[in-house]
Amino acid sequence: QVQLVESGGGLVQAGGSLRLSCAASGRTFSSYAMGWFRQAPGKEREFVAAISWSGGYVYYADSVKGRVTISRDNVKNTVYLQMNSLKPADPAVYYCAASVRPGVPGRRLYEYDYWGQGTQVTVSS
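Everything in this summary refers to the structure shown in the same document. Since the model is a prediction, treat every value here as computed from it, not as a measurement.

1. Remarks on the pairing of strand β1 (residues 4–7)
Then, in step 1: Burial along β1 is one-sided: L4 and E6 are buried, and none of V5 and S7, which face the opposite way, are.
Then, in step 2: In terms of strand pairing, β1 meets strand β3 (residues 18–24) through four bridges, oriented antiparallel. In the strand pairing of β3, L4 is matched with A24.

Laid out in structure tokens, this is it:
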């Protein structure tokens, strides 16, 4: 069992930056691929970024590519999402998720086994 707790959300002006963190419990964090998703009001939860267990493989949704960086610290059991140049389209609840599946991390919800409770990101214009 893995518990995930996100933090770092808040209110930021358009063009600003935020760093989200996701702290994981459990001794096997380093074996999980991790992902970030987001869900805006009235919309489906969508993929943002993913990172392999080693951190050696990362990829991003087209909507955030170039503005977002996912990283992880397997000693601290934490995955991060650095978001820059935030836009009015970015506000949502951001969720981190862990996948126990081997191989390349996925971008689909069903590929992830554990989810955090989410952290709210709000962007003011």
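2. Remarks on the sheet that holds strand β8 (residues 78–83)
In a beta sheet, neighbouring strands pair by backbone hydrogen bonds and run either parallel or antiparallel.
Then, in step 1: Overall, antiparallel pairing links the four strands, which are arranged β1-β3-β8-β7 in an open sheet. The sheet terminates laterally at β1 and β7 (68–73), the two strands that pair on one side only. Averaged over all adjacent pairs, the angle separating strand axes in this sheet is 15°, with direction ignored.
Then, in step 2: Bridge count for β3 against β8 is six bridges, and the pairing is antiparallel. Its bridge partner lying in β8, R19 is registered against Q82.

3. Remarks on the packing of aromatic side chains
Describing an aromatic ring pair means giving the distance of the ring centres and the angle of the ring planes.
Then, in step 1: As enumerated under the stated definition, the model contains seven aromatic pairs in all.
Then, in step 2: On the basis of an interplanar angle of 75° and a centroid distance of 5.7 Å, the ring pair of F37 and F47 is categorised as edge-to-face. Of this pair, F37 sits in strand β4 (residues 33–39) while F47 sits in strand β5 (residues 46–51), and the two are 10 residues apart along the sequence.
Then, in step 3: Of the residues examined, F37 reaches a relative accessible area of 0% and is grouped as buried.
Then, in step 4: When the ring of F37 is compared with that of W115, the centres are 5.0 Å apart and the planes differ by 55°; the resulting orientation is tilted. Of this pair, F37 sits in strand β4 while W115 sits in strand β10 (residues 114–115), placing them 78 residues apart in sequence.
Then, in step 5: On the basis of relative accessible area, W115 is assigned to the partly exposed category, the value being 28%.
Then, in step 6: Aromatic rings pair up to connect F37, F47, Y57, Y59, Y112 and W115 into one cluster.
Then, in step 7: Taking NZ or CZ as reference, R45 lies 3.6 Å from the ring centre of Y95, over its face.
Then, in step 8: The aromatic ring of F29 is capped on one face by R72, whose charged end is 4.5 Å from the ring centroid.

4. Describing the environment of P41
Then, in step 1: Within the secondary structure, P41 is located in the loop between β4 and β5.
Then, in step 2: The spacing of P41 and P102 is 61 residues in sequence and 32 Å in space, taken between C-alpha atoms.

Cut-offs applied
Residues numbered from 1 in each chain as written. Predicted model: local features only at pLDDT ≥ 70, side-chain atom pairs only at ≥ 80, totals over all residues. Heavy atoms only, no water. Buried < 20%, exposed > 50% of the residue type's maximum accessible area, 1.4 Å probe, protein only. Helix = DSSP H or I, 4+ residues; strand = E, 2+ residues; numbered from the N terminus. Pairing = 2+ DSSP bridges. Axes fitted to C-alpha atoms, helices over the stretch in contact; angles between N-to-C directions. Phe/Tyr/Trp six-rings, centres within 6.5 Å; stacked < 30°, edge-to-face > 60°. Lys NZ or Arg CZ within 6 Å of the ring centre and 35° of its normal.

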